[in-house]
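Spelled out from the first residue to the last, the chains are:
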Amino acid sequence: RQSCHRPAEPQSVPEPGRGGLPEGVEYIPTRKKGKNPMKPVGVAWYSLYTRTRLGYLFYQRQVRKAREQYPHGHSVSQPCCFPGVKILPIPVLSNNYSYLVIDTSSGRAAAIDPSDPLAVQAAIEKEGVMLEAIFCTHKHWDHSGGNAELCQQHGSCKVYGSALDSIPDLTNPLTDREKVSVGCLTFQALATPGHTVGHMVYVLDGEPFGGPPCLFSGDLLFLSGCGRLFEGSAETMLASLDLAMGLGEDTLLWPGHEYALECLTFASLLELDNPALDQKWRWAMQQRQEKRITCPSTLGEEQTYNPFLRTHRPELHAALGLRQGVGEHLNAFRARVLKEVRRRKDLYKA
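The rules behind the values
- Residues numbered from 1 in each chain as written.
- Predicted model: local features only at pLDDT ≥ 70, side-chain atom pairs only at ≥ 80, totals over all residues.
- Heavy atoms only, no water.
- UniProt positions renumbered as here; feature names shortened; annotations may be inferred.
- Axes fitted to C-alpha atoms, helices over the stretch in contact; angles between N-to-C directions.
- Helix = DSSP H or I, 4+ residues; strand = E, 2+ residues; numbered from the N terminus.
- Parallel < 35°, antiparallel > 145°, perpendicular 65-115°, else oblique.
- Left-handed = near helix turned anticlockwise from the far one by under 90°.
- Contact = heavy atoms within 4.5 Å.
- Nonpolar A, V, L, I, M, F, W, Y, C, P; charged D, E, K, R; others polar.
- Buried < 20%, exposed > 50% of the residue type's maximum accessible area, 1.4 Å probe, protein only.
- Salt bridge = Lys/Arg side-chain N within 4 Å of Asp/Glu carboxyl O.
- Phe/Tyr/Trp six-rings, centres within 6.5 Å; stacked < 30°, edge-to-face > 60°.
- Lys NZ or Arg CZ within 6 Å of the ring centre and 35° of its normal.
- Pairing = 2+ DSSP bridges.
- Expected span 1.5 Å × (residues − 1).
- Arc of directions from axis to C-beta.

- Going by the annotation in an unreviewed UniProt entry, the name recorded for the protein chain is PNKD hydrolase, with Probosciger aterrimus given as the source organism.
- The heading Sequence similarities (unreviewed entry) in the UniProt record of the protein chain holds the text "Belongs to the metallo-beta-lactamase superfamily. Glyoxalase II family."
- Here the protein chain is described in UniProt, under the heading Cofactor (unreviewed entry), as follows: "Zn(2+)".

**A look at the packing of helix H7 (residues 260-270) against helix H11 (residues 330-347)**
(1) Moving on: At their nearest, the axes of H7 and H11 sit 11 Å apart, and the two run at 120° to each other. With respect to H11, the axis of H7 lies oblique. Handedness of the H7/H11 crossing: right-handed. On the side of H7, the interface is formed by Glu262, Cys263, Phe266 and Leu270, while H11 contributes Val341, Arg344 and Lys345.
(2) Moving on: Tallied by class, the residues present in the contact of H7 with H11 amount to four nonpolar, no polar and three charged.

**Details of the environment of Ala319**
(1) Moving on: Within the secondary structure, Ala319 sits in helix H10 (residues 314-320).
(2) Moving on: Taking the relative accessible area as the measure of exposure, Ala319 reaches 34% and is therefore partly exposed.
(3) Moving on: Measuring from C-alpha to C-alpha, the distance between Ala319 and Glu271 comes to 7.0 Å, with 48 residues separating the pair along the chain.
(4) Moving on: For Ala319, the residues in contact, after removing those within four places along its chain, are Leu270 and Arg344.

**What to know about the pattern of salt bridges**
Once the charged atoms of two side chains with opposite charge are near each other, the side chains can pair.
(1) Moving on: The full count for this structure, using the stated rule, is 19 salt bridges.
(2) Moving on: One salt-bridge network, held together by shared partners, links Glu271, Arg310, Arg313 and Glu315.

**Looking at the packing of helix H6 (residues 234-245) against H11**
(1) Moving on: Between H6 and H11, the shortest axis-to-axis distance is 9 Å and the interhelical angle comes to 105°. In terms of axis orientation, H6 runs roughly perpendicular to H11. Where H6 abuts H11, its residues Ala234, Glu235, Met237, Leu238, Leu241 and Asp242 lie against Asn331, Arg334, Ala335, Leu338 and Lys339.
(2) Moving on: Class assignment for the residues of the contact of H6 with H11 results in six nonpolar, one polar and four charged.

**Notes on the packing of aromatic side chains**
(1) Moving on: Evaluated as defined, the whole model comprises 16 aromatic pairs.
(2) Moving on: The interplanar angle of 75° and the centroid separation of 5.6 Å between the aromatic rings of Trp45 and Phe58 together place this pair among those described as edge-to-face. Within this pair, whereas Trp45 is found in helix H1 (residues 43-51), its partner Phe58 is found in helix H2 (residues 53-69), the two being separated by 13 residues in sequence.
(3) Moving on: Linked through ring pairs, Tyr97, Tyr99, Phe216 and Trp254 together constitute an aromatic cluster.
(4) Moving on: The positively charged end of Lys280 is found above the aromatic ring belonging to Trp283, 4.2 Å away from the centroid.

**Thoughts on the pairing of strand E6 (residues 158-162)**
Every regular strand shows the same layout, with side chains that alternate between the two sheet faces.
(1) Moving on: Burial within E6 is extensive, with four of its five residues counted as buried.
(2) Moving on: Where E6 lies against strand E7 (residues 172-174), three bridges are found, and the strand directions are parallel. Paired with Gly161 across the two strands is Pro173, which belongs to E7.

**Quick notes on unusual backbone geometry**
(1) Moving on: Cis peptide bonds are those with omega within 30 degrees of zero, and the linkage from Cys295 to Pro296 qualifies with 5°.
(2) Moving on: As for its position among the elements, Pro296 is in the loop between helix H8 (275-289) and strand E15 (297-298).
(3) Moving on: A positive phi angle is found at Lys291, which is not glycine, with a value near 60°.
(4) Moving on: With respect to the secondary-structure elements, Lys291 resides in the loop between H8 and E15.

**As for H2**
(1) Moving on: Taking 1.5 Å of rise per residue, the 17 residues of H2 would be expected to cover 24 Å, and the 24 Å separating its terminal C-alpha atoms lies within 8% of that figure.
(2) Moving on: For H2, the full list of buried residues reads Gly55, Phe58, Tyr59, Val63 and Ala66. One side of H2 holds all its buried residues, which, seen down the axis, span an arc of 145°. Set apart from the buried face of H2 by more than 90 degrees, the exposed residues are Arg53 and Glu68.
(3) Moving on: Looking at the buried positions of H2, the neighbouring elements they touch are H1, helix H3 (117-127) and helix H4 (141-144).

**Thoughts on the sheet that holds E15**
(1) Moving on: What the six strands build is an open sheet, ordered E8-E9-E10-E11-E14-E15; its pairing is mixed. Looking at the sheet topology across the chains shown, the edges are occupied by strand E8 (179-182) and E15.
(2) Moving on: Where strand E14 (residues 252-255) meets E15, two bridges bridge the pair, whose relative direction is antiparallel. What sits directly across from Leu253, in E15, is Ser297.

Here it is in structure tokens:
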């Protein structure tokens with residue numbers, strides 16, 4: 001039996017450039033047609049999208065249109081490899097990312113948020129691996145729509161996720177901080193409510209392979225952005241973001257969407273004099289002009305330019321015109337800052 005522990009070797013990584021349960025749905029219309037399945041008709045449509053067959057039919061339409069428009073994916077992918085592990089981003093739909101994470105010693109693999117089963121299956125066949133697990137961050141169809149078809153093709157594959165979300169074809173409900181092994185790979189699930197009640201992120205332990213932790217963040221955290229507060233308060237989202245940031249600055253961030261350029265452009269309107277932000281924006285602009293992916297970044301990087309992770313920064317407070325009230329708890333103020341940044345982002349037109 002091969003050991004799961006390997007000596008550290010040089011990494012090949014693309015150039016980088018819990019609060020309580022939510023109180024209910026807070027919906028703000030989207031700012032750009034076609035960018036988000038939750039179109040600007042408010043809470044009623046969100047409920048239909050997440051709870052009825054209408055949402056699935058809309059998802060199927062999204063898949064068909066994306067396959068026609070982007071037959072080879074919306075971006076040029078680049079795998080990330082370190083000894084014993086291969087992470088393959090799979091561009092799907094118009095801006096989503098699924099991931100295939102491979103234990104190269106055993107050929108066992110896990111898929112993260114496989115929204116287009118054809119694209120994920122093509123990657124599985126090309127890599128010649130066995131799909132053992134699907135990790136689903138949340139119930140939205142653009143993250144979970146491929147679960148059923150992939151499970152039909154891979155009979156022993158298990159679907160993991162939170163029981164608090166109505167994840168399609170869920171076989172193995174997870175609780176906060178529960179661990180799952182796939183070959184020599186170990187993933188830990190972290191409950192991160194805010195975008196949905198049962199949103200979870202998955203952290204791959206890179207230490208046995210001489211690599212950094214890898215955060216598959218779904219719609220919790222993007223490069224320079226965070227998810228909408230569909231089913232949570234700002235306080236809940238803040239606690240989830242703080243939890244993720246506790247993983248360490250070297251953690252690689254693998255988000256659920258390609259929103260980098262839009263999010264960085266928005267952030268630059270808030271902080272006009274931020275060299276780290278300006279440098280990252282220029283790098284992302286070059287990447288996107290060439291249709292290249294912008295992930296991963298690191299959590300350390302994100303703290304220097306992501307406004308949703310800078311709620312403690314005086315320069316952001318000044319830009320928003322917010323001041324901490326007398327006697328106001330720091331985290332209550334930070335949640336107020338986060339809510340205002342989220343409000344402005346929801347109204348922002350790229």
